[in-house]
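Chain by chain, the residues run as shown.
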Amino acid sequence: MVGEPSTRTAGALSPSLHRGNVVLITGGGTGIGRATALEFARCGADIVVAGRRAEPLKDTVAEIEAMGARALAVPTDIRDEEQVAEMVTQTLDRFGRIDVLVNNAGGQFSAPAEDISLKGFRAVHRLAVDGSWAVTREVAVRAMIPQRSGVIFFMAFSPRRGIASFVHATSARAALENLASGLSLEWSKYRIRTICIAPGTIATAGMDANYAEDARAQWAAAVPLGRLGTAEDISPTIAFLASPASSYITGTTVVIDGGADAWGNAQPAPQLKDDE
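This report concerns the structure included in the present document. (Residues numbered from 1 in each chain as written. Predicted model: local features only at pLDDT ≥ 70, side-chain atom pairs only at ≥ 80, totals over all residues. Heavy atoms only, no water.)

## Some remarks on the overall build of the protein chain
Note the threshold: Secondary structure elements follow DSSP: runs of H or I no shorter than four residues count as helices, runs of E no shorter than two count as strands, and numbering proceeds from the N terminus. The atom set for the radius of gyration is the C-alpha atoms, and the globule formula is 2.2 Å times the number of residues raised to the power 0.38. The buried label goes to any residue with under 20% of its type's maximum accessible area, the exposed label to any with over 50%, and the partly exposed label to all in between, with areas taken from a 1.4 Å probe on protein chains only. In this analysis, two residues are considered to be in contact whenever any of their non-hydrogen atoms come within 4.5 Å of each other.
Tallying secondary structure elements over the protein chain gives nine helices and seven strands in all. Its C-alpha atoms give the protein chain a radius of gyration of 19 Å, near enough to 19 Å, the size a compact globule of 276 residues would have. Considering only C-alpha atoms, the protein chain reaches an extent of 65 × 40 × 35 Å along its principal axes. Within the protein chain, the proportion of its 276 residues that are buried is 48%. Pairs at least 24 residues apart make up 76% of the contacts formed inside the protein chain by residues separated by at least 6 positions.

Below you can see the structure in the form of structure tokens.
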């Protein structure tokens, strides 16, 4: 059951749910970003996908256009303010507005805390926190605040109590949870909603390539539902939360993890080190 795909029915949401909306997704070429782009496209939205690598973006756009929907790929490094501004300019030039922003871009590496240099720590935060803020502010100031509407998503992690060997990444994602909460207090007056999504361990091609089957099985065993998540477990929830049916939801974190956060780490505590 490790990484078993979601059993939900494709197209469970209405094909007109987001008709007329424009959705901008960073990190939209692979994984959760790609699945979210496809989900919104199935719901009738116009899609803009951004990311550092052009080829996956083109593939996502081609799949969306094959559905008969409209899409635009904008290769962008969100750590570069000028590229962020150009991404928003291209989006507004093509579609005229931005209704939903999904801050999905991010990156991290596994390392013991004592081996994470200041440079490595800053690199993760610069992408996850600084980059997400650069995109969020640009979209809000140029599109959502003037149009007095919008939904902004940030991506966190589950379990939310910290993950060993990822203290740099979990601290960055915790900042995004707080950012979503704080912005809801300031931007609700503009009818902008801000929500954080906290996925659990998601099965990806990269996971299959870099981790052995026994490691993946161990992670799955810590999930009450008995399997790892898939990108398609996350994307319909984002599409639903961006819809009018969720118009009273803002400033909170939605956990999508098969019960892992509720269960806890479910691992033996590390052994104490003897003095050397």
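## Description of unusual backbone geometry
Ser158 connects to Pro159 through a cis peptide bond whose omega is 5 degrees. Within the element layout of this structure, Pro159 appears in the loop between strand S5 (150-155) and helix H5 (167-187). Of note, the phi angle at Ser165 is positive, near 75 degrees, even though the residue is not glycine. Assignment of secondary structure puts Ser165 in the loop between S5 and H5.

## Here's the deal with the layout of surface pockets
Once rolled over the atoms, a probe with the size of a water molecule shows which space is left empty. Stated precisely, the cut-off is as follows: With a 1 Å grid laid over protein atoms only, a set of points is called a cavity when a 1.4 Å probe fits there but cannot get out and a pocket when it is open yet has protein on both sides within 12 Å along at least five of seven lines; lining residues have an atom within 4 Å of a point. Grid points are joined across faces, edges and corners, and a volume is the space filled by probe spheres set on the points.
As a volume, the second largest pocket reaches approximately 200 Å³. As for the second largest pocket, its lining consists of 13 residues, and the residues nearest its centre are Asp99, Gly150, Val151, Arg193 and Ala242.

## A few points about the sheet that holds strand S2 (residues 46-51)
Defined as follows: Here, strands pair whenever DSSP counts at least two bridges between them. An axis is simply a line fitted to the C-alpha atoms; with a helix, the fit covers only the stretch in contact. Between two such axes, the angle follows the N-to-C directions and lies from 0 to 180 degrees.
Strand order across the open sheet formed by seven strands is S3-S2-S1-S4-S5-S6-S7, with parallel pairing between neighbours. The open sheet terminates on both sides in strands that have one partner only, identified here as strand S3 (71-75) and strand S7 (252-256). Across the sheet, the axes of successive neighbouring strands diverge by a mean angle of 20 degrees, strand direction being ignored. This element, helix H4 (residues 118-147), spans strand S1 (22-26), strand S4 (100-103), S5 and strand S6 (192-199) of the sheet and lies at about 175 degrees to S4. H5 contacts S5, S6 and S7 of the sheet and is inclined by roughly 160 degrees relative to S6.

## Comments concerning the nonpolar core
The tendency in soluble globular proteins is for nonpolar side chains to be buried as a group. Stated precisely, the cut-off is as follows: Put simply, buried Ala, Val, Leu, Ile, Met, Phe, Trp, Tyr and Cys residues joined by side-chain atoms within 4.5 Å make one nonpolar core.
Within the largest apolar cluster, 34 residues are counted, with the highest numbers of intra-cluster contacts made by Met87, Ile98, Val139 and Trp187. When residues of this core are traced back to their parent elements, those giving at least two are S1, S2, S3, helix H3 (81-95), H4, S5, H5 and S6. Element by element, the count of residues in this core is highest for H4, at eight residues. In contact with Ile98, not counting residues within four places along its chain, are Val22, Leu24, Val88, Thr91, Leu92, Val139, Ala143, Met144 and Gln147. In this structure, Ala41, Ile64, Phe153 and Ile197 belong to the second largest nonpolar core, which totals 33 residues.

## Brief notes about the packing of H3 against H4
The test is simple: An angle below 35 degrees is treated as roughly parallel, one above 145 as roughly antiparallel, one from 65 to 115 as roughly perpendicular, and anything else as oblique. Throughout, a crossing is termed right-handed when the near helix is turned clockwise from the far one, and left-handed when it is turned anticlockwise from it by less than a right angle. For this classification, Asp, Glu, Lys and Arg are treated as charged, while Ala, Val, Leu, Ile, Met, Phe, Trp, Tyr, Cys and Pro are nonpolar and the rest, including Gly, are polar.
Interaxial distance between H3 and H4 falls to 10 Å at its minimum, and their mutual angle equals 40 degrees. Relative to H4, the element H3 lies oblique. Pair H3 / H4 crosses with right-handed handedness. Listed contacts from H4 to Val84, Ala85, Met87, Val88, Thr89 and Leu92 of H3 are Ala134, Val135, Glu138, Val139, Arg142 and Ala143. For the contact of H3 with H4, the residue count by class is nine nonpolar, one polar and two charged.

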